[in-house]
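Reading the structure
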Amino acid sequence: MDSSTTTPLPTRRFGRTDMAITRVGFGAWAIGGPDWAVGWGSQDDRDSVAAIRHAVSRGINWIDTAAVYGLGHSEEVVGEALAGIPASERPYVFTKGGLVWDEADRQAMPRRVGAAASLRREVDASLRRLGVERIDLYQMHWPANDGTALEDYWGTLLALKQEGKLRAVGLSNHDAAQLEAAERVGHVDTLQPPFSAIRRDVAAAELPWCEAHGTGVIVYSPMQAGLLTGRFSAARAQALPADDWRSRSPEFLGEKLTRNLALAEALRPIAQRHGATVPAVAVAWTLAWPAVSGAIVGARSAAQVDGWIGAATLTLTRQDLEEISAAITATGAGSGPSLPNT
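Counting starts from 1 at the beginning of each chain's written sequence and moves along it residue by residue. Side-chain atom pairs in this predicted model are given and counted only at pLDDT of 80 or more, local residue features only at pLDDT of at least 70, and totals for whole chains, interfaces and linings cover all residues. In computing side-chain values, all of the structure's heavy atoms are included and hydrogens and water are not.

This part is about the pattern of salt bridges. What counts as a salt bridge is simple: a side-chain nitrogen of Lys or Arg found within 4 Å of a carboxyl oxygen of Asp or Glu. This model, assessed by the stated rule, comprises 15 salt bridges. The closest approach of N and O atoms between E75 and R129, which form a salt bridge, is 2.7 Å. Of this pair, E75 sits in helix α2 (residues 73-83) while R129 sits in helix α3 (residues 116-130), and the two are 54 residues apart along the sequence. Each residue's exposure class comes from its accessible area (1.4 Å probe, protein chains only) as a fraction of the maximum for that residue type: buried when under 20%, exposed when over 50%, partly exposed otherwise. What makes E75 buried here is its relative accessible area of 0%. One salt bridge in this structure joins E265 and R268, with 2.7 Å as the shortest N-O distance. One continuous salt-bridge network, built from bridges that share partners, spans D18, D136 and R167. Only DSSP runs of H or I covering at least 4 residues are called helices, and only runs of E covering at least 2 are called strands; the numbering of each starts at the N terminus.

So, about the packing of aromatic side chains. Here a ring pair, both rings aromatic, is described through the centre-centre distance and the interplanar angle of the planes. Pairing of aromatic rings covers Phe, Tyr and Trp, the last counted by its six-membered ring, and requires centre-to-centre distances within 6.5 Å; plane angles under 30 degrees mean stacked, over 60 mean edge-to-face, and any other angle means tilted. Under the definition given, this model contains 8 aromatic pairs. Ring centres 6.5 Å apart and planes at 10 degrees place the aromatic pair Y92 and F94 in the stacked group. Relative accessible area serves as the criterion here: at 0%, F94 is assigned to the buried category. Judged by centre distance (5.3 Å) and plane angle (70 degrees), the ring pair of F232 and F252 falls under edge-to-face. On the criterion of sequence distance, the pair formed by F232 in the loop between β11 (216-219) and α7 (234-238) and F252 in the loop between α7 and α8 (254-266) is long-range, its members being 20 residues apart. The exposure classification of F232 matches that of F252, with both residues buried. Feature note: the residues F14, W62, Y92 and F94 constitute an aromatic cluster, connected by ring pairs.

Below, the discussion takes up the packing of helix α4 (residues 150-162) against helix α5 (residues 176-185). Running from N to C, α4 and α5 cross one another at 50 degrees; their axes reach a closest spacing of 9 Å. Considering the angle they form, α4 stands oblique to α5. Between α4 and α5 lies a crossing of right-handed hand. Within the contact between the two elements, α4 uses L150, E151, W154, G155 and L158 and α5 uses Q178, A181, A182 and V185. For the contact of α4 with α5, a count of residues per class yields 6 nonpolar, 2 polar and 1 charged. Working convention: axes come from line fits to C-alpha atoms, limited for helices to the stretch in contact. Angles between N-to-C directions cover 0 to 180 degrees. By definition in this entry, angles of less than 35 degrees are roughly parallel, angles greater than 145 are roughly antiparallel, angles of 65 to 115 are roughly perpendicular, and the rest are oblique. Each crossing is labelled by how the near helix is turned from the far one, with a counterclockwise turn of less than a right angle marking it left-handed and a clockwise turn marking it right-handed. Note on definitions: a residue-residue contact is assigned when non-hydrogen atoms from the two residues lie within 4.5 Å. Only Asp, Glu, Lys and Arg are considered charged in this grouping, and only Ala, Val, Leu, Ile, Met, Phe, Trp, Tyr, Cys and Pro are considered nonpolar; every other residue, Gly among them, is considered polar.

Rendered as structure tokens:
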């Protein structure tokens, strides 16, 4: 990759870590492929590698993946993409663990395991698949339900950080009470919650907690799995294949779908005012919340990257934010606070 093609994008310090990240990062969930319980349908690995390298060439400096995405496959694809990028230009790599799958039944939902020996095996497996010596951020994907106390699995991640295998450690899909319990053991570097103009609940407690404790926040599904792209429709929702998890999601069905699509349409005039895309506005809305360090945005092709990368430099005005809040109220889409304190 020619370094001259890399365009500098604004960065923000990631909590108290030594990393400064671009406001948007490449999300690698969908590139895991279809052969597991929460896949996005078929995907060509060559397109995935091209999408990652294109995102980096456009200035994106971090990738978020997880061991469970495609049951190891997403990390392998990320590793392949990284191998073709000069070391000095490689993005930060963030991944997640604590979900253990059964190779004999790939469609079964993974188990949430926090046992120390299991987490250590997972970290070593992720290092191998990614082809890196240290993972920049390792996150507990979900709270464990195997009987391991939060304080214990968090202690394991802190120990792995101390040992040098992990640069920073964080929690994903944990609530404010769980964050508080972990913080008593050792600082929570980051939180990764779901957050979009439709799914807004974490703005009530988790985002304020992170802001108060110097915890970086990278939000996932800021376009609500495609609903806020301005390109989704009821017909497209009905045509989703069975191996796409969205075909079973309540947000893609019935009255909820109608409300969500109406909210997406309300973003269009704001996008036009800024000379931006609807996806960029949807992502920029999440970035307007002061606690949010960056947003994870998925892509399965280079063209999709170009559709949302404008969010990295787009700042919504107070008028924009109030207009979106009014549209949320009018459509009845989603739940949670609708207007950031900026």
